[in-house]
Each structure stands twice: as C-alpha cells, then as structure tokens.
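Residue strings, one per chain:
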Amino acid sequence: MPVGVVASTHLSSWKPREKDVKRYFHFDRFVSAALATRLANDPIYVARHTYFPLIRFKEAWTKYRKQGKPKKKKVRPLRYAAHLDAAIFAKYRADLAVLYELELKRRGLADVPVAYRRIIDENGKAKSNIEIAKDVFSFARQLGNCVVTVVDIKSYFESLDHAIIERQWSKLIGGALAPDHRSVYRAVTKYSVVDLEKLEKRLSLKGVDPAGVNRKSRRQRKIDLLREEGKKQLCTPEEFRRLVAGGDPTKPSLIQKNGFAFGIPQGTPISDLIANFYLIDFDEEMNRWAQSLGGLYRRYSDDIVVVVPTSSVSSADEAKICLQTEIRKHGSELVIQEKKVCVGEFVTQGATIVWRHISGSSSRNGLEYLGFEYDGSRVQIKNSTLSNAWRKMKRQAHGHAFSFVRRYRDKGVCWIRANYPHASLERSILQDVTVHQDTGYDTWTFVKYTRRASRCFVGFNPIFSDQTRRYRYFTKVMIGAALDEAIEKLKPRLP
C-alpha cells in the first residue's frame, strides 16, 4: 500500500493551528507558534529531541442510570504532552493524516472510519456526528428488516500492538521509519507518565506559604502565583531532575514508563490518528463482508456498528461472531467483550418499523449510535449524552465559582454575592458547553446542537427540543448552588 513519500520527507511546511499552541502548565516553557513551526519542521531536530513525560490525570463521571438503579462511576485516564512535544505530535499527525486519507480513498473506505476525520457530504459540507448517525439510521430504515450489531473494543488505546502500529505507519509513508518518524513513534509507544496529583504534592503546587509577608501571600498557592505571572512551566529543569526524575535520593522518581509492547496514551495530538490507521485492514475486511451481504459497516474509534439484511444472515449473532473472530488477527490485546455486544433488529409491521432488542446491555429501547437513539418511529438524544452535557456545565460552574471566591474572599461574603457575574456566566456556560464528538463545531452551544440535529432528522420524528427545554432554568439553579458551595468551603471573610 505505499501511497506516501520517503519517511523523512515532509509533505509541506507545517504551521500550527491555534489549538496546536498549548497554554496549559507542563514541564517545559510555553512554546510560541513561530518556535513550534521552526522546530517541528526540522527532521534533524525531531530525530534528536528528548520528550518529557506526559502528565496523567483521571476524568471521572457518574454514568447515567434510570431511576431505581444504582449509579456507576466511570474513570478514564488521560495524558497530555509538554508544549513542544505536543507541537511535534501535531505536525506529524498532519502529515500522516494526508496519507491516511489517500489510502482510505484508494481502498474505498472514505466513509467507513468516521472518528477524528473531516468527512465531506454531497453538498461539500463537513459531516458532524449528527449526519453520520443519520446515515446509519437511514440505511436501517431503508432496509426495513435488518439485524444491527453494536460492539465496543475494550480499552482500545491501551491495547494497540506496537509492532502493528509501526507496520501500518511504515506502509503509509512508503518505507521504513526514518529517524524523525521513529523518534515520534517511540515517544508515543515507549511513553512515560507522571501522575498529576503526585506531581502537585511533590512540587507543593497547591500548598500555601505560612511565612508569607502578608495575608495575601500567606494564602497564595504556588500554582496561583505561576498563573498570575503568566508562566506555564511547573518547575525548572534542575527541579525536574531532582524532584520529579529521582535525582534527590529522598524523593523517589515519579516517572512511570510503559514497559509493555502495546498501548498508546489517549490524549496526545497524534493518538487519535494512530487509533484510526491501526485498524485499516480490519476496516477493509469488515466493510467487504458487510457489503457482500448488502449491509453497512461503520467504526467510530472503538465503537462499531454493522447493519445487514435479516435475510442475508443465518442467525442474529453472525455479525458479532465475525467481528470477534476478525479482531483477534489485529493484536493479542484487542478484545470485543461479550457483555458489551448489543444485537437487535428492525422489523417491518405494515407501514411501520419496530425495534426489537435481542441481546446485550445497551440499545434496549432503540439503536443507540453517536449520542442518538432510533426505535423505528422516532429519534431522541441518548440520556447519557444529556447527562454528559449537564456534567460539563456543572464542572464549569463550580470551577468559576471556586476561582472567583478564592480570588475575592478578602472582600467578604456580601461583596462576593453582590458582584458575582450570574448573567454573564450563564451566557458563557450555555455558549461554551458542546458535545465535543466532532471537529469544527466547538463553539456551538448544546441547544444549537440539538436544533441542528432537529433539522437533520426531519422525517424521523425527533423529540430533541422537549428533552432540552429546561436547560436555561437548571443552569441558573446550578450557578447559584455552585457559588453557595464555594463560599461554604473556602470560608471568605464575613461582613
């Protein structure tokens, strides 16, 4: 499949987008767009570059459960790279993405892997997950009687085989990995991490100085001081070697290395593309199988859906068995869990189509795909999608409240309550909260998102507006509750 160029040849001079210039705290200094452009485009520099450990944190949330059932907390580890490292990852992702798109087109797979890509519709517009979900629902409705299989690959990013990654990477660029590509490959496979909570404790980032010269300095945390000074480097190189990397015998190293022959970190700028091209052979095989039966196959990273006519399969489990058998050929750690598999079918009853759940824990009331649920008569937003949006709104409200109270607690409770920007914060939360399942729509509000979905799903009897009608009211309540909690926990000066 060589479609690319010699490994060390760059397709073009890469220029970072706004999102490629990272402004978070990390081990290195802030890297400007100009410096990132110069260094990331230099293959000799990249080949010799030494990467900092990724910083790891855990994103935790409570999964939606219907009334009467216990709630389950889900935890996902995320890692983020140092400023310059992230820029290098972004540059090589951009180059490889061009080659990956060419290879998808050559194999007739342009519409098959749908995550982390810009897919253009017949009108020249980029598809969001709304249109992608509609494509699957429309196909199922057109077939009428069909079997639908939805599966999830367990711990997908953590299970990718390094040898297969290298092989697919080499095929994309048309040859063995040159030193610069190998440097990036090793950084994302033989990566190391530092846990954020342990790092904060070791560097005393959230501790206060009781010996400060005044009340403000005694209450000011190190992380707040760095933020006020506009610095993005958590520690000096000497402090990193001594306090983080184990240079001080009394301070054991916080660095943990991935010693396995599989797994890449979820969260780096290049991880999503690797997760896509890793299964290109699997995508081709399963797409060919589904099409041979008059069906459809789609993969959104680790979420897979297959729709085939009922008359084309000998049993409802045929697609499930095929998926589970084929995935074993693409890495010893890749597993499609039996309990995560959902099988159902659409059945025509006169002029209507009815969903029938056959097996599995999900899609009990309709086909669930990319945040939507279709039961043959109507489309609605999944309850878990609404829960995710609400969780993001709540997190933003609490973060703003605690930051405001911490900054102005010397002014007293009365001043804080009188000057808290309720109205502007409400607008900000409703404007900033998005579903974040597609690229290019990051400034949409969740309400606007549902309006677009309503227009897209005309003819499917969508009920989205009914589901989101009370968001503005609940946002007001949430902002007030977050402020009360911040005041109670941070104990500002009484009037």
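Our subject is the structure listed above.
Residues numbered from 1 in each chain as written. Predicted model: local features only at pLDDT ≥ 70, side-chain atom pairs only at ≥ 80, totals over all residues. Heavy atoms only, no water.

1. Observations regarding the sheet that holds strand β9 (residues 352-359)
Taken in spatial order, the five strands line up as β6-β7-β3-β8-β9 in an open sheet, and their pairing is antiparallel. On the outer flanks of this sheet lie β6 (296-300) and β9, each paired with one strand and no other. Neighbour-to-neighbour, the strand axes of the sheet open up by a mean angle of 15°, direction not taken into account. Relative to strand β7 (residues 303-309), strand β3 (residues 146-152) runs antiparallel, the two sharing seven bridges. Note on β7: the bridge partner recorded for Val148 is Val307. Against the sheet, helix α4 (residues 129-143) engages β3, β6, β7, β8 (342-349) and β9, with an angle of about 20° to β7. (Pairing = 2+ DSSP bridges. Helix = DSSP H or I, 4+ residues; strand = E, 2+ residues; numbered from the N terminus. Axes fitted to C-alpha atoms, helices over the stretch in contact; angles between N-to-C directions. Contact = heavy atoms within 4.5 Å.)

2. Some thoughts on the packing of aromatic side chains
Counted according to the given criterion, the structure contains 25 aromatic pairs. A ring pair is formed by Trp169 and Phe277, whose centres lie 6.3 Å apart and whose planes are at 70°; its orientation type is edge-to-face. Placement of the pair is Trp169 in helix α5 (residues 162-173) and Phe277 in helix α11 (residues 271-277), with a sequence separation of 108 residues. Chaining the aromatic ring pairs together yields one cluster made of Phe137, Phe346, Trp355, Phe372, Tyr374, Phe457, Phe460 and Phe464. (Phe/Tyr/Trp six-rings, centres within 6.5 Å; stacked < 30°, edge-to-face > 60°.)

3. What to know about helix α12 (residues 280-292)
The end-to-end C-alpha separation of α12 is 18 Å, in line with the 18 Å expected for 13 residues at 1.5 Å each. Among all positions in α12, only Ile280, Phe282, Asp283, Met286, Asn287, Trp289 and Ala290 are buried. Gly294 occupies a position one or two residues after α12 and carries a positive phi of about 80°. (Expected span 1.5 Å × (residues − 1). Buried < 20%, exposed > 50% of the residue type's maximum accessible area, 1.4 Å probe, protein only.)

4. Digging into the pairing of β3
Counting buried residues along β3, seven of its seven residues qualify, which places the element largely inside the surrounding structure. Side-chain alternation along β3 places Cys146, Val148, Val150 and Asp152 on one buried face and Val147, Thr149 and Val151 on a second face that is also buried. Judged from the five bridges that link them, β3 and β8 form a sheet pairing that is antiparallel. When the sheet's bridge partners are listed, Thr149 is paired in β8 with Val343.

5. Remarks on helix α13 (residues 318-327)
Within α13, seven of the ten residues are buried, which leaves it mostly tucked inside the rest of the structure. Buried within α13 are the following residues: Ala319, Lys320, Cys322, Leu323, Gln324, Glu326 and Ile327. Where α13 is buried, its residues contact β3, α12, β6 and β7.

6. Regarding the pattern of salt bridges
Any two side chains of opposite charge can pair if their charged atoms end up close together. Enumeration over the complete set of coordinates arrives at 31 salt bridges. One salt bridge connects Arg17 with Asp20, and the closest N-O pair in it is separated by 3.1 Å. Look at Arg17 and you get partly exposed, because its relative accessible area is 47%. Residue Asp195 is joined to Arg56 by a salt bridge in which the shortest nitrogen-to-oxygen separation is 3.9 Å. With Asp195 in strand β4 (residues 192-195) and Arg56 in strand β1 (residues 54-63), this residue pair connects regions lying 139 residues apart in the sequence. For the pair Asp195 and Arg56, a shared accessibility class is recorded, and that class is buried. Where salt bridges share partners, they join Glu103, Arg106, Arg107, Asp281, Glu284, Glu285 and Arg288 into one cluster. (Salt bridge = Lys/Arg side-chain N within 4 Å of Asp/Glu carboxyl O.)

7. As for the packing of helix α1 (residues 33-40) against helix α3 (residues 83-107)
The geometry of α1 relative to α3 is characterised by a closest axis approach of 9 Å and an angle of 60° between their N-to-C directions. By the angle between their directions, the pair α1 and α3 is classed as oblique. With respect to the hand of their crossing, α1 and α3 are arranged in right-handed fashion. For the pair α1 and α3, the contacting residues are Ala36, Leu39 and Ala40 in the first and Leu84, Ala87, Ile88, Lys91 and Tyr92 in the second. (Parallel < 35°, antiparallel > 145°, perpendicular 65-115°, else oblique. Left-handed = near helix turned anticlockwise from the far one by under 90°.)

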